[in-house]
Amino acid sequence: MAYDNLIVSINDHVGLIQLNRPKALNALNSKLLAELAKCLKSMESNDKVRAIVITGSEKAFAAGADISEMSGKSFVEVYRADMFNEDANMIDRCRKPVIAAVAGYALGGGCELAMMCDFIIAADTAKFGQPEVNLGVCAGIGGTQRLTRLVGRAKSMDMNLTGRFMDAEEAERSGLVSRVVPAKKLMEVALDAAERIAEKSMIATMTIKEAVKRGEESSLAEGLLFERRVFHALFATEDQKEGMNAFVEKREPQFRDK
Ligand code: CAA
């Protein structure tokens with residue numbers, strides 16, 4: 001499928017989606033978001049895809065929602081369209097593992113897209129921020145919510161209220177990103193992580209993702225119960241038998257998602 005604002009490929013069971021509106025620093029207009037949602041849906045239903053990487057350019061993962069597209073809209077228009085409810089949240093609804101590989105600016109909606117991914121690998125050039133306050137608004141796709149859960153209240157308030165940017169080192173220290181790598185190595189490291197995930201049983205990786213996300217929405221006791229029950233449930237899979245037998249027999253497992 002051809003897209004105007006994305007470059008898409010599938011290799012070694014990894015779906016790679018590159019946001020591609022270079023002239024606007026990958027600003028997220030409605031067309032790009034619709035294409036991203038469509039692409040994620042198609043990767044979700046494609047058995048060849050077992051993990052997904054979303055990236056941007058060297059200069060920008062994405063510099064936010066498209067300000068030119070939004071600037072003239074009225075309250076009634078954005079409210080009736082429920083702007084940013086559908087397409088922008090598709091990453092959050094994707095059940096397959098999704099990694100964000102971030103270089104350069106990840107601002108506003110760009111930072112929010114990255115935070116919807118399961119984890120972020122950042123280049124040492126990455127800059128994260130929620131600068132919506134400079135536009136007279138607040139974040140609209142999770143910047144006041146996910147950022148607070150990821151880095152805590154103090155830093156989230158600081159970022160959202162001052163609009164300042166956080167560099168990659170501070171983002172790693174704060175728990176926003178899982179690793180920082182030299183910019184030249186970003187795609188190699190992100191694709192390698194995705195390939196490692198793709199080698200596992202997809203029933204297990206999807207379950208792990210579900211358990212972590214469920215835990216974020218519930219108490220520790222509820223989360224632990226959910227985890228224990230899905231752990232038990234995985235004993236109904238052939239992949240559990242294969243994984244454990246392979247360990248005992250000192251060989252590599254051959255998972256079949258069954
Ligand atoms: N929307 C639309 N266009 C954007 C954009 C955005 N978010 N960010 C950058 N662009 C465009 C610029 O208008 C410029 O276009 P022209 O060449 O046609 O003028 C082009 O991309 C290059 O940008 P700059 O010339 O500004 O590049 P720079 O290197 O000087 O600065 C920057 C880079 C600091 C990222 C700056 O572009 C910037 O501040 N961008 C806006 C960041 C922002 O406010 N993001 C939040 C958007 S609102 C939002 O996301 C709401 C939400 O939560 C959903």
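Residues numbered from 1 in each chain as written. Predicted model: local features only at pLDDT ≥ 70, side-chain atom pairs only at ≥ 80, totals over all residues. Heavy atoms only, no water.

### Let's talk about the site of the ligand
Taken together, 23 residues sit near the ligand, with Lys59, Ala65, Gly109, Glu112 and Glu132 positioned nearest. Lys23 is positioned such that a nitrogen or oxygen atom in its backbone is 3.4 Å from an oxygen atom of the ligand. Gly109 places a polar main-chain atom, nitrogen or oxygen, 2.8 Å from an oxygen atom of the ligand. Here the ligand, which alone exposes 980 Å², has 62% of that area covered by the protein. When contributions to the shell around the ligand are tallied by element, the ones reaching two or more residues are helix H2 (67–70), strand S6 (105–107) and helix H5 (109–116). In terms of residue class, the shell around the ligand is built from 14 nonpolar, 4 polar and 5 charged. (Near = heavy atom within 4 Å. Polar contact = N/O pair within 3.5 Å; in protein donor to acceptor, adjacent residues only side chain to side chain. Areas by Shrake-Rupley, 256 points an atom, 1.4 Å probe, with all protein chains shown as cover. Helix = DSSP H or I, 4+ residues; strand = E, 2+ residues; numbered from the N terminus. Nonpolar A, V, L, I, M, F, W, Y, C, P; charged D, E, K, R; others polar.)

### Notes on the nonpolar core
In terms of nonpolar packing, the biggest core is built from 46 residues, with Ile54, Phe128 and Leu176 touching the most fellow members. In terms of nonpolar packing, the next biggest core, distinct from the first, is built from 17 residues, Ala101, Ala103, Leu186 and Ala198 among them. (Core = buried A, V, L, I, M, F, W, Y, C linked by side-chain atoms within 4.5 Å. Buried < 20%, exposed > 50% of the residue type's maximum accessible area, 1.4 Å probe, protein only.)

### With respect to the pairing of strand S2 (residues 14–19)
Of all the 6 residues making up S2, 5 are buried; the element is thus mostly covered by neighbouring parts of the structure. With 6 bridges joining them, strand S1 (residues 6–11) and S2 adopt antiparallel strand pairing. The residue bridging Ile7 from the neighbouring strand is Gln18, located in S2. The turn joining S1 and S2, which pair antiparallel and follow one another in sequence, is formed by 2 residues; a positive phi near 50° is taken by Asp12. Relative to strand S3 (residues 51–55), S2 runs parallel, the two sharing 5 bridges. The residue bridging Leu16 from the neighbouring strand is Val53, located in S3. (Pairing = 2+ DSSP bridges.)

### What to know about the side chain of Thr55
With respect to the helices and strands, the residue Thr55 is situated in strand S3. Thr55 gets classed as buried once you look at its relative accessible area, which sits at 6%. Among the polar contacts made by the side chain of Thr55, one reaches the main-chain carbonyl oxygen of Ala101 at a distance of 2.8 Å. Beyond its immediate stretch of four places on either side in the chain, Thr55 contacts Leu16, Ile17, Gln18, Leu19, Phe61, Ala101 and Met187. (Contact = heavy atoms within 4.5 Å.)

### Observations concerning the environment of Ile121
Here Ile121 lies in strand S7 (residues 119–123). In the structure, Ile121 is positioned 21 residues away from Ala100 in sequence and 6.2 Å away in space, judged by C-alpha atoms. Residues within four places of Ile121 in sequence aside, it is in contact with Ile99, Ala100, Ala101, Val102, Ser178, Arg179, Val181, Leu186, Val189, Ala190 and Ala193.

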